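Chain and residue survey
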Amino acid sequence: MYMKKILTSIISIIIAGSLITGCSSNKGSASSESDTTKRNYPVKLINSIVINPATAGVRFSVTNDGTKPVTPTCTVRMRDASLTYTGWTLAEFSEPILPGQSLQAVVQITIKNEGAYYANNFSGECYAYTTDTGTNAGTEVVVSEIEDGSWGDDQYELDENKEFPEDAGFWYGPTFKVNQPRMTQMDCSWTAFDKNGKVVGTHSFRANTLNDGTVTSYGPDEKWYIDSTERIVKSVATYEVSCKL
């Protein structure tokens, strides 16, 4: 099975089914329930672009590291080191983020003094008022449907000498699913064994779930597989896989 990376650009403010609005709202205001508290959630910059000299587009993600669904309100800022060119916007998700799930969003920020080309420092805060005081960090998830996702042994046509072309690429790794909703981020690791039970290789990566629970790597620098050689790829017989939130 071959997974392809899909490159996306910032073209709208609708991401993963959640509408992000650049305006203030009372949804993040203090609840009348005395047992709710303001809780911050991890924010990460995905990428940013200059739309025009006065406007920056920012893609970021928010992770619910708690145990209850939340609909956070976010303050997103861009600035330069001297604080000459700064800008911020207030945004909120329109859909709850489930425990262990990460959702991405895109906003446009107006930068003072038309300094969008210089405002390259990101900061963000996302919070919600909730009764949740727990954390799902480190919780192991259920892995299923483990299959060999190696590439190179039967995907290339042999040359006239019945050998693979010199530029053929080979890698190995398992494809699998977990019992988590889409856009759930986690840390996964796997071990490959040969037919005699000897370890062929191990690998760990930051992972993300697709709509059907299939796991893929998360981020441009992560891989769910290991680049290798024809001999090693052909020696793999089984895998053991584990993932934790």
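Preceding this section is the structure that the text describes.
In this report, we go over the structure that sits alongside the text. (Residues numbered from 1 in each chain as written. Predicted model: local features only at pLDDT ≥ 70, side-chain atom pairs only at ≥ 80, totals over all residues. Heavy atoms only, no water.)

1. Examining a nonpolar patch on the surface
To be explicit about the condition: Residues forming no salt bridge and having over 30% relative accessible area are the ones grouped into patches, like charges within 9 Å of each other and nonpolar side chains (Val, Leu, Ile, Met, Phe, Trp, Tyr) within 5 Å. Areas reported as accessible are Shrake-Rupley estimates using a 1.4 Å probe. Residue values count occlusion only from the protein chains shown. We count a salt bridge whenever a side-chain nitrogen from Lys or Arg sits within 4 Å of a carboxyl oxygen from Asp or Glu. A 1.4 Å probe rolled over the protein chains alone gives each residue an accessible area, and that area as a share of the maximum for its type sets the label: buried under 20%, exposed over 50%, partly exposed in between.
A grouping of Val-50, Tyr-117 and Tyr-118 is seen on the molecular surface, where their side chains present a nonpolar patch of about 330 Å² in accessible area. Note on Val-50: relative accessible area 30%, which makes it partly exposed.

2. Considering the side chain of Thr-214
So the rule is basically this: Numbering of helices and strands runs from the N terminus; a helix is a DSSP stretch of H or I covering at least four residues, while a strand is a stretch of E covering at least two. We define a polar contact as two N or O atoms separated by no more than 3.5 Å, with the added condition that, inside protein, one atom must be a possible hydrogen donor and the other a possible acceptor, whereas residues neighbouring each other in sequence contribute only through side-chain atom pairs.
Considering the arrangement of structural elements, one finds Thr-214 in the loop between β14 (199-209) and β15 (215-217). Residue classification places Thr-214 among the buried positions, given a relative accessible area of 9%. A distance of 2.8 Å separates the side chain of Thr-214 from the side chain of Asp-212, its partner in a polar contact.

3. Topic: unusual backbone geometry
Backbone geometry follows two general trends: most residues other than glycine have a negative phi, and most peptide bonds adopt the trans configuration. Phi at Leu-83 takes a positive value of approximately 65°, unusual for a residue other than glycine. With respect to the helices, strands and loops of the structure, Leu-83 is situated in the loop between β6 (73-79) and β7 (86-92). A positive phi angle, close to 60°, is found at Asn-113, a residue other than glycine. Note that Asn-113 resides in the loop between β8 (102-110) and β9 (121-130).

4. Re the pattern of salt bridges
Taken as a whole and assessed by the stated rule, the structure comprises seven salt bridges. Put simply, Glu-145 and Lys-177 hold a salt bridge, and the shortest N to O gap is 3.5 Å. A residue pair is termed long-range when its members are at least 10 positions apart, and Glu-145 in strand β10 (residues 143-148) and Lys-177 in strand β12 (residues 174-178) qualify at 32 residues. Here Lys-234 and Glu-230 are joined by a salt bridge, their closest N and O atoms 3.2 Å apart. Here Lys-234 and its partner Glu-230 are both found in helix α1 (residues 230-235), four residues apart, which amounts to about one turn of the helix. Given the relative accessible area of 29%, Glu-230 is considered partly exposed. In this structure, a network of salt bridges that share partners links the residues Arg-39, Asp-65 and Asp-132.

5. Brief notes about the state of the cysteines
Put simply, the test is: We call a pair of cysteine sulfur atoms a disulfide whenever their separation is within 2.5 Å.
As enumerated under the stated definition, the model contains two disulfides in all. Residue Cys-74 pairs covalently with Cys-126 via a disulfide, S to S 2.0 Å. Measuring handedness by torsion sign, the sulfur bridge of Cys-74 and Cys-126 sits at about 115° and is right-handed. One end of the pair, Cys-74, is in strand β6; the other, Cys-126, is in strand β9, and 52 residues separate them in sequence. Judged by relative accessible area, Cys-126 falls into the buried class, the value being 1%. Each bonded cysteine in the protein chain gets a number by its place in the sequence, and the pairs come out as 1-2, 3-4.

6. Observations concerning the environment of Val-200
The following threshold applies: Residue contacts are counted whenever heavy atoms from the two residues lie within 4.5 Å of one another.
Mapped onto the fold, Val-200 is located in strand β14. Residue Val-200 is classed as partly exposed on the basis of its relative accessible area of 24%. Between the C-alpha atom of Val-200 and that of Tyr-239, which follows or precedes it by 39 residues, the distance is 9.7 Å. Setting aside its immediate chain neighbours within four residues, Val-200 contacts Tyr-172, Ala-192, Phe-193, Asp-194, Ile-232, Ser-235 and Val-236.

7. What to know about the environment of Ser-228
Here Ser-228 shows up in strand β16 (residues 226-228). For the pair Ser-228 and Gly-169, spaced 59 residues apart in sequence, the C-alpha separation works out to 7.9 Å.

8. Regarding the packing of aromatic side chains
Where we set the bar: Planes of paired rings set the category: under 30 degrees apart is stacked, over 60 is edge-to-face and the rest tilted, where pairs are Phe, Tyr or Trp rings (Trp by its six-membered ring) whose centres lie within 6.5 Å. A ring has a charge above it when a Lys NZ or an Arg CZ is no more than 6 Å from the ring centre and no more than 35 degrees off the ring normal.
Going through the model one piece at a time under the given rule, you end up with seven aromatic pairs. Ring pairs connect the aromatic residues Trp-151, Trp-171, Trp-224 and Tyr-225, which therefore count as one cluster. Above the plane of the ring of Tyr-127 lies Lys-38, whose end atom (NZ or CZ) is 4.3 Å from the centre.

9. A few points about the sheet that holds β6
Basically, it comes down to this: When DSSP locates at least two bridges between a pair of strands, those strands are taken to pair. Simply put, an axis is a line fit to the C-alpha atoms, just over the touching stretch for a helix, and the angle between two N-to-C directions goes from 0 to 180 degrees.
Taking strand neighbours across the sheet as the criterion, the four strands line up as β3-β9-β6-β7 in an open arrangement whose pairing is antiparallel. Since the sheet does not close on itself, it has two edges, and those belong to β3 (37-41) and β7, each with one partner. On average, each strand axis in the sheet is tilted by 20° relative to the strand beside it, whichever way the strands run. By the bridge criterion, seven bridges tie β6 to β7 in an arrangement that is antiparallel. When the bridges of β7 are listed, Thr-73 appears paired with Glu-92.

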